[in-house]
Amino acid sequence: MTSQPTSRTVRVFRYDPAEGGDGHFDAYTLDIPAPETTTILDVLLRLQREQDPSLSFRFACRVNMCGSCGMVINGREALACKTNVSHLPPAQDITIRPLNHFPVIKDLVVDMDPFFAKYEDALPFFEPAVEHDEPYAIKPDDQARIDIGMATDCIACGCCVSSCTMVNHHAGYAGPAALNRAFTLLADERDGLFEARLTRALDSCYACRTEFNCTEVCPKQISGTRAIKYIQRLALKHLKSLRPLSAHPVEEAAKERAKDAPKPVATGCSCGVHHHDAPAASPAAATACPPAGPELACASRRTFLTAAVGAGAVAVLGGILGTAAVAPTQVRTPAQWVPVAALKDIPVGEVSTLPLGYTRTQAFHSEQVQSTLLVRHDAPGQVLCFSNTCPHLGCAVSWDPLSSRFKCACHGGAFDRDGNVIAGPPPRGLTRLPWKVEDGILKVEVV
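Residues numbered from 1 in each chain as written. Predicted model: local features only at pLDDT ≥ 70, side-chain atom pairs only at ≥ 80, totals over all residues. Heavy atoms only, no water.

## Section: the pattern of salt bridges
It is possible for side chains bearing opposite charge to pair when their charged atoms get close. Selection rule: A pair is scored as a salt bridge if a Lys or Arg side-chain nitrogen falls within 4 Å of a carboxyl oxygen belonging to Asp or Glu.
Under the defined criterion, the tally for this structure stands at 16 salt bridges. With a closest N to O distance of 3.2 Å, aspartate 107 and lysine 106 form a salt bridge. In this structure, the salt-bridge partner of aspartate 188 is arginine 190, at a minimum N-O distance of 2.7 Å. Put simply, Arg14, Asp26, Asp52, Lys106 and Asp107 are held in one network by salt bridges that share partners.

Here's what the structure looks like:
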């Protein structure tokens, strides 16, 4: 199915707990004349207001800060308030569904309790090693501060967990968000729970397969994969700090259920744990677990690495992988020139909001970046290009033609036509991007 240039078909997942079932998609038709400035959250609000008041979804700040509106948009996890309609292919329908791996409460609203339970399990709180009467001074160029970087900007939206394929296969896996939070505290020399936190976090690091899905979808451009590999690298440096791991509560619960379950149908697997509620296995599946005595269970990867190989060997292996994975990601990303639009198509004497899409490559990881550019075209050949990201908290800035200023709705920040701060808390003006014109095409330099 395709949509007309301004009239778009929006398919939204619907689930009513009163009706039950697997849910379904409802299709709506909506006229969107300004896709560059219309977000998916705007679309949902219009659908709720104009066509279907029963449509349920979460939102709060509208400016990429609270993480409430995380959902899957055209197959990719994102924040509805940060995703403009222009970021999506114009010839495709817009499909919106709830986050993966979360129980659905209603429509696009999911239950975040499992997410925060695992977040809490990773010891996400700061526990000072030494009490100080005065504020602890940290220099801006401190290496630990550089290592943590943007990782502290996590807004717990759940997009990374939704994108992670391992979450569905490992019930005890803390997930990228919780491990990223653990990383920020492990890298903080003031914290007093280093050993307990490292032991707890490394347990979940066994489940990561380095797929970079979490890094790909994070709306705050945080690399959960980097955090996980950093933890494994720390384990190599602190072998003596690691303590033997007890079984995860999820694994203990599985063992208890296995004790009370009826004797399983013979499947060729002697573990008696992992297949007792599965249907009759095929001959190929019957050899999934090797024959073993009654005293040997079909060990998970975590149990095998901990018990059979030993925590020390696992930490060494993880540290080697961590060093290989983290070091390249700290290399500066090269700048590139990205085409924006034909200069003749940008109105003279106005400030235009234009979509900007490009591929950013860092070390061995590539991602598609979709953002928005503010272009001030004063006269032919006289252009100023601004990033629409507020330097205060990273929310979106838009041009207000009535007041002739750039505005940030979340905190009352305002900038003049030159991008200088004139109101609110932003610490500096809007970021100006270098630009040039080649063959009549306006291009900007991005990193």
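So that's the structure; there's more coming.
## Topic: the pairing of strand β12 (residues 397–400)
How we decide: Paired strands are those between which DSSP finds at least two bridges. A run of H or I in DSSP counts as a helix once it spans at least four residues, and a run of E counts as a strand once it spans at least two, with each numbered from the N terminus.
Pairing analysis gives four bridges linking β12 to strand β13 (residues 405–408), with the strands arranged antiparallel. Following the sheet pairing, tryptophan 399 is matched in β13 by phenylalanine 406. Count of turn residues in the β12/β13 antiparallel hairpin: four residues, of which serine 404 carries a positive phi of about 55°.

## Quick notes on the packing of helix α5 (residues 176–186) against helix α8 (residues 224–237)
The condition is simple: Fitted lines through C-alpha atoms give the axes, limited to the stretch in contact for helices. The angle between two N-to-C directions lies from 0 to 180 degrees. For classification purposes, an angle smaller than 35 degrees is called roughly parallel, one larger than 145 roughly antiparallel, one from 65 to 115 roughly perpendicular, and anything else oblique. Crossing handedness follows the turn of the near helix against the far one: under a right angle anticlockwise gives a left-handed crossing, and clockwise gives a right-handed one. Contacts are residue-level and defined by heavy atoms, with any inter-residue pair within 4.5 Å sufficient.
With their axes 8 Å apart at the nearest point, α5 and α8 run at an angle of 45° to one another. By the angle between their directions, the pair α5 and α8 is classed as oblique. For α5 against α8, the interelement crossing comes out left-handed. On α8, the residues that touch Leu179, Asn180, Phe183 and Leu186 of α5 are Arg226, Ala227, Ile228, Tyr230, Ile231 and Leu234.

## Quick look at the packing of helix α2 (residues 113–121) against α5
Helices that pack against each other are described as a pair by the angle of their axes relative to one another and the distance between those axes. We count it as follows: Classification convention: Asp, Glu, Lys, Arg as charged; Ala, Val, Leu, Ile, Met, Phe, Trp, Tyr, Cys, Pro as nonpolar; all other residues, Gly among them, as polar.
Between α2 and α5, the least distance of the axes is 9 Å, while the angle of their chain directions is 30°. Considered as vectors, α2 and α5 are oriented roughly parallel to each other. Considering how the two elements wind past one another, α2 and α5 form a crossing that is right-handed. Contact residues: Phe115, Lys118 and Tyr119 in α2; Ala177, Ala178 and Arg181 in α5. A per-class count over the contact of α2 with α5 returns four nonpolar, no polar and two charged.

## Regarding the environment of leucine 79
Within the secondary structure, leucine 79 is located in strand β4 (residues 76–79). Expressed as a C-alpha distance, the spacing of leucine 79 and cysteine 218, which sit 139 residues apart in the sequence, is 9.2 Å. Setting aside anything within four residues of it in sequence, one finds leucine 79 in contact with Asn64, Gly67, Cys69, Gly70, Ile73, Ile155, Cys157 and Pro219.

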